[in-house]
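# Topology and contacts: notes
Residue strings, one per chain:
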Amino acid sequence: MNPSLSPSVPNLLDEALGLGRGGSAPWRVALVQDCVETSGAFLLHHFLKRALSAEGAGAVVFLALAHPFSHYDRVLRKMGCNLSLQRNKNKLHFIDLLNLEFPVAGQTGQNALEVGFIGLYNKILRSVEASSLRDDKGGWISIIIDDVSLLEIAAHGSVSHVLDFLQYCTTLTSELDCSLVVLNHEDIYSSEEEIRLLSHLDYLSDVVIKTEPLATGIAADVHGQLTIINKGVFTECGRSMNKVHNFQFKVKDNGVDFFYPGSQF
Amino acid sequence: MADSISRSLRDGCLEGEHAPALIIEDSLATPLGPSVFDHFLANLVSQIAAGKSQASGLVIVALNRSPSFYIDLLVRKGVETLLVDKWIQILDCYLDPLGWKNQVQPLENVQKPIMKETVVVFRNVRDINKLLSLIHEVGKGFLGQDKARFAVAIDLVSSLLRYASLPSVAGLLNNLRSSDQISSVFGLMHSDLHEPRVCMALAYVSSMFASLQPIGSPGNLQWLEKNYQKARLHVRLKRRNGRVKLLEEELHLDQAGIKFVAIASENAYVNKSLLPKVQFNLQLSDQERVDRAKVILPYEHQDNGEAIQIYDGRRSLPETRRDPQLVLPLAVPAIPETETSSGKGEIHYIRDSDDERPDSDEDPDDDLDI
């Protein structure tokens with residue numbers, strides 16, 4: 001076993017999300033909601049590394065709209081995770097969507113956008129299928145989308161098509177052992193009409209993770225704060241209680257430190 | 001109050017009347033709507049199982065959660081696994097609402113959830129007319145006896161509104177209510193996904209509208225966390241005669257489920273909000289109420305040993321002006337001269353009942369079915 005891939009000691013984030021040492025999550029859909037001042041990309045890196053960890057025996061289907069593979073490879077390498085190796089082992093299915101643009105509706109028919117999203121959904125299904133065909137098959141599959149706002153741009157601003165697509169991704173979590181993690185930005189929606197995408201995503205998710213700057217301003221040792229709203233999901237033994245967590249973080253090259261306010265000197 | 005909603009859903013409708021319809025409304029600030037929906041759903045299914053409801057079965061239109069979720073929920077609430085299939089039918093609009101799965105190659109070598117006979121998949125939610133006819137078709141399984149009816153639960157009306165226009169969704173609810181095969185309809189909607197007019201329009205086509213509101217004013221994280229466990233339920237009940245009744249209750253969510261708790265100042269709050277704004281007090285304060293109770297009414301019998309006198313107009317006349325021909329009825333005892341020496345009449349008033357305040361808003365004929 002590669003020691004660099006051994007799961008780290010559970011931190012505040014994992015505890016707040018109810019993640020144990022295994023790869024499975026007690027929730028199905030997580031929404032990472034960030035803002036310009038405090039990017040939430042480090043959380044996707046954290047989920048990616050965690051899902052690919054050896055003990056987790058999980059697989060990841062990564063829909064990259066924001067950066068190319070080389071970017072994630074470099075970041076994760078510093079965190080002790082070799083993405084190229086994981087891709088060769090069929091544990092990581094990287095779907096490069098940097099140049100994704102669906103045909104404009106009307107040019108090739110009324111449902112051109114829908115056909116485009118069905119094609120993307122099909123790609124995810126084939127990746128999930130390939131993951132379940134691995135030699136050490138089994139384990140949890142994480143579908144990660146970076147990020148939804150770019151999906152909206154590719155769809156020429158059609159919120160309803162993006163929501164339909166996300167609805168289908170969500171149904172996969174009911175049918176299979178998998179979870180969905182999506183990133184979206186809080187501060188790019190101004191009018192009431194547009195903010196409905198965020199509200200829809202909020203309702204769709206079981207966990208909302210918000211990254212915000214410190215209320216007291218920029219600090220050298222603290223890069224921002226996280227608010228985690230764990231809405232509670234039905235488990236076999238009944239309903240787990242809802243919980244709201246709040247703590248601060250510091251992003252480092254090889255990982256992230258999470259700590260309660262005032263506990264870092 | 002929650003009991004009266006459950007009763008309405010259980011009792012269904014009278015011949016020739018629209019079926020009662022309940023819309024539950026929540027928001028991101030008070031996201032307990034699904035739990036309240038589950039509460040009424042489980043309650044109705046247990047009433048159906050016990051044979052106490054007008055409906056002989058329930059059709060669940062699942063848009064928000066998978067069919068297996070509802071089967072697990074009912075089993076967890078104590079309905080026997082075998083009987084769940086007997087009392088409910090699920091119209092699955094969740095797993096493939098737009099028919100995409102028919103256009104892609106299905107997953108191979110992946111274990112799929114077992115589909116039961118009670119689950120019917122609907123792959124074109126945009127077609128509301130088809131949805132209506134399918135609800136009737138699925139519900140036919142319950143209509144063995146004459147005049148049997150079934151109930152319909154739509155787990156998320158907001159999802160329907162994403163696929164179809166407001167008039168067609170309102171039309172669907174109206175058609176369900178007016179059907180002679182349906183005993184009651186209920187559903188959930190998220191208010192912050194729609195314009196206020198959408199919520200109002202659906203409130204018009206329902207007979208009960210339950211809105212979840214946060215307790216206290218928005219604040220810190222503790223307030224947010226509290227809202228995941230507690231909320232206030234405002235209910236508007238529309239009576240057959242057109243009267244609208246406003247009720248309010250608090251609900252608490254814990255491991256066991258939802259508990260409804262009456263608010264101590266419920267009546268005071270509701271009455272206060274309904275009163276017109278005037279320059280004088282229509283309500284008494286507690287101190288004024290106590291003072292009023294202490295006042296001894298001049299004509300009220302004080303139970304101080306004196307004989308009870310029933311007023312007789314003729315006898316109250318002065319002795320000299322009495323009609324000499326008048327013969328006193330035997331039932332009335334002779335009154336000593338000393339007691340009537342004042343020469344004034346007395347009225348003894350005994351109130352009928354202390355249970356009810358004179359201005360009580362309760363309609364005594366409320367339960368009559370005329």
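Details of the structure are given in the entry above.
As a starting point, this report considers the structure included with it.

About the thresholds
Residues numbered from 1 in each chain as written. Chains lettered and ligands numbered in written order. Predicted model: local features only at pLDDT ≥ 70, side-chain atom pairs only at ≥ 80, totals over all residues. Heavy atoms only, no water. Helix = DSSP H or I, 4+ residues; strand = E, 2+ residues; numbered from the N terminus. Buried < 20%, exposed > 50% of the residue type's maximum accessible area, 1.4 Å probe, protein only. Contact = heavy atoms within 4.5 Å. Expected span 1.5 Å × (residues − 1). Arc of directions from axis to C-beta. Buried area = accessible area lost by both parts, 1.4 Å probe. Salt bridge = Lys/Arg side-chain N within 4 Å of Asp/Glu carboxyl O. Polar contact = N/O pair within 3.5 Å; in protein donor to acceptor, adjacent residues only side chain to side chain. Nonpolar A, V, L, I, M, F, W, Y, C, P; charged D, E, K, R; others polar. Pairing = 2+ DSSP bridges. Axes fitted to C-alpha atoms, helices over the stretch in contact; angles between N-to-C directions. Core = buried A, V, L, I, M, F, W, Y, C linked by side-chain atoms within 4.5 Å. Phe/Tyr/Trp six-rings, centres within 6.5 Å; stacked < 30°, edge-to-face > 60°. Lys NZ or Arg CZ within 6 Å of the ring centre and 35° of its normal.

Glancing now at the overall build of chain A. Within chain A, the regular secondary structure consists of eight helices and 11 strands. When burial is assessed residue by residue, chain A has 55% of its 265 residues classed as buried. Within chain A, residue pairs in contact and separated by at least 24 positions form 69% of the contacts whose partners lie at least 6 positions apart.

Residue and element names in this part refer to chain B. For helix α7 (residues 166-178), built from 13 residues, the straight-helix expectation of 18 Å at 1.5 Å per residue is met to within 8% by its first-to-last C-alpha distance of 18 Å. The complete set of buried residues in α7 reads Leu166, Val169, Ala170, Leu172, Leu173, Leu176 and Arg177. Down the axis of α7, the buried set is contained in an arc of 150°. They therefore lie on one face. Looking at the buried side of α7, the elements it contacts are β1 (21-26), α5 (128-139), β5 (149-154), α6 (157-163), β6 (182-190) and α8 (196-204).

If you look at the interface, chain A gives 40 residues, while chain B gives 43 residues. Between chain A and chain B, the buried area comes to about 4,000 Å², and carbon and sulfur atoms account for 60% of it. For the interface between chain A and chain B, the tally reads four salt bridges. In this assembly, chain A and chain B are joined by 15 residue pairs in polar contact (both at pLDDT 80 or more). Of all elements in the fold, only α5 (112-132), α7 (159-175), α8 (195-204), β7 (224-230), β8 (234-235), β9 (238-239) and β10 (243-252) of chain A reach the threshold of two or more residues within the side of chain A that touches chain B. Per element, the largest residue contribution to the side of chain A that touches chain B is 11 residues, and it comes from α7 of chain A. Looking at side-chain class alone, the side of chain A that touches chain B contains 15 nonpolar, 14 polar and 11 charged residues.

The next thing to look at is the sheet that holds β5 of chain B. Residue and element names in this part refer to chain B. If you walk across this open sheet you meet the 10 strands as β4-β3-β2-β5-β6-β1-β7-β8-β9-β10, and the pairing is mixed. Of all the strands in the sheet, the pair left with one neighbour each is β4 (119-121) and β10 (257-262). If you compare each strand with its neighbour and ignore which way they point, the axes differ by 20° on average. With five bridges connecting them, strand β2 (residues 55-62) and strand β3 (residues 88-92) associate as parallel partners. When the bridges of β3 are listed, Ile60 appears paired with Ile90.

Bringing the nonpolar core into the picture now. Grouped together as the largest cluster of nonpolar side chains are 90 residues, with contacts concentrated most on Leu63, Ile124 and Phe165 of chain A together with Leu131 and Ile154 of chain B. No other element matches the eight residues that α5 of chain A contributes to this core. Ile5, Val45, Ile48 and Val84 of chain B belong to the second-largest nonpolar core, a separate cluster that totals 46 residues.

Okay, the sheet that holds strand β3 (residues 92-96) of chain A next. Residue and element names in this part refer to chain A. Spatial strand order, β3-β2-β4-β5-β1-β6-β7-β10-β11: nine strands in an open sheet with mixed pairing. Looking along the sheet, the strands with just one partner apiece sit at the ends: β3 and β11 (255-259). With direction set aside, neighbouring strand axes in the sheet form an average angle of 20°. Relative to strand β5 (residues 178-185), strand β1 (residues 29-34) runs parallel, the two sharing six bridges. Its bridge partner being in β5, Val32 is matched across the sheet by Leu183. Running at roughly 140° to β3, helix α3 (residues 69-78) makes contact with β2 (59-64), β3 and β4 (141-146) of the sheet.

Along the chain, the position of Arg177 of chain B falls in helix α7. Once you skip the residues sitting within four places of it in the chain, Arg177 of chain B turns out to touch His18, Ala19, Pro20, Ala21, Val185, Val205, Ser206 and Ser207 of chain B.

What follows covers the packing of aromatic side chains. Counted according to the given criterion, the structure contains 16 aromatic pairs over all chains. With 5.3 Å between their ring centres and 65° between their planes, Tyr121 of chain A and Tyr168 of chain A make a pair best called edge-to-face. Residue Tyr121 of chain A is located in helix α5, and its partner Tyr168 of chain A is located in helix α7; the two are separated by 47 residues in the primary sequence. For the residue pair Tyr121 of chain A and Tyr168 of chain A, the accessibility class agrees, reading buried in each case. Where Phe247 of chain A meets Tyr260 of chain A, the ring centres are 6.3 Å apart and the plane angle is 90°; that geometry is what we call edge-to-face. With Phe247 of chain A in strand β10 and Tyr260 of chain A in the segment after β11, this residue pair connects regions lying 13 residues apart in the sequence. The class of Phe247 of chain A is buried, set by a relative accessible area of 1%. Through a chain of ring-to-ring contacts, three or more aromatic side chains come together here, namely Phe62, Phe69, Tyr72 and Phe94 of chain A. In this structure, Arg87 of chain A packs its charged tip against the face of Phe69 of chain A, placed 4.0 Å from the ring centre. In this structure, Arg162 of chain B packs its charged tip against the face of Tyr163 of chain B, placed 4.9 Å from the ring centre.

Here the focus is the pattern of salt bridges. With the rule as written, the count across this model stands at 21 salt bridges over all chains. Taking the shortest distance from any N to any O, the salt bridge between Asp14 of chain A and Arg50 of chain A comes out at 3.2 Å. Of this pair, Asp14 of chain A sits in helix α1 (residues 12-17) while Arg50 of chain A is found in helix α2 (residues 41-52), placing the two residues 36 residues apart along the sequence. Given the relative accessible area of 2%, Asp14 of chain A is considered buried. Note on Arg50 of chain A: relative accessible area 16%, which makes it buried. One salt bridge connects Arg162 of chain B with Asp164 of chain A, and the closest N-O pair in it is separated by 2.8 Å. One end of the pair, Arg162 of chain B, is in helix α6; the other, Asp164 of chain A, is in helix α7, on a second chain. Looking at Arg162 of chain B, the relative accessible area reads 22%, which means it is partly exposed.

This next bit is on helix α3 (residues 67-76) of chain B. Considered for burial, the residues of α3 of chain B that qualify are Pro67, Phe69, Tyr70, Ile71, Leu73 and Leu74 of chain B. In the stretch just after α3 of chain B, Gly78 of chain B is the one whose phi turns positive, near 105°.

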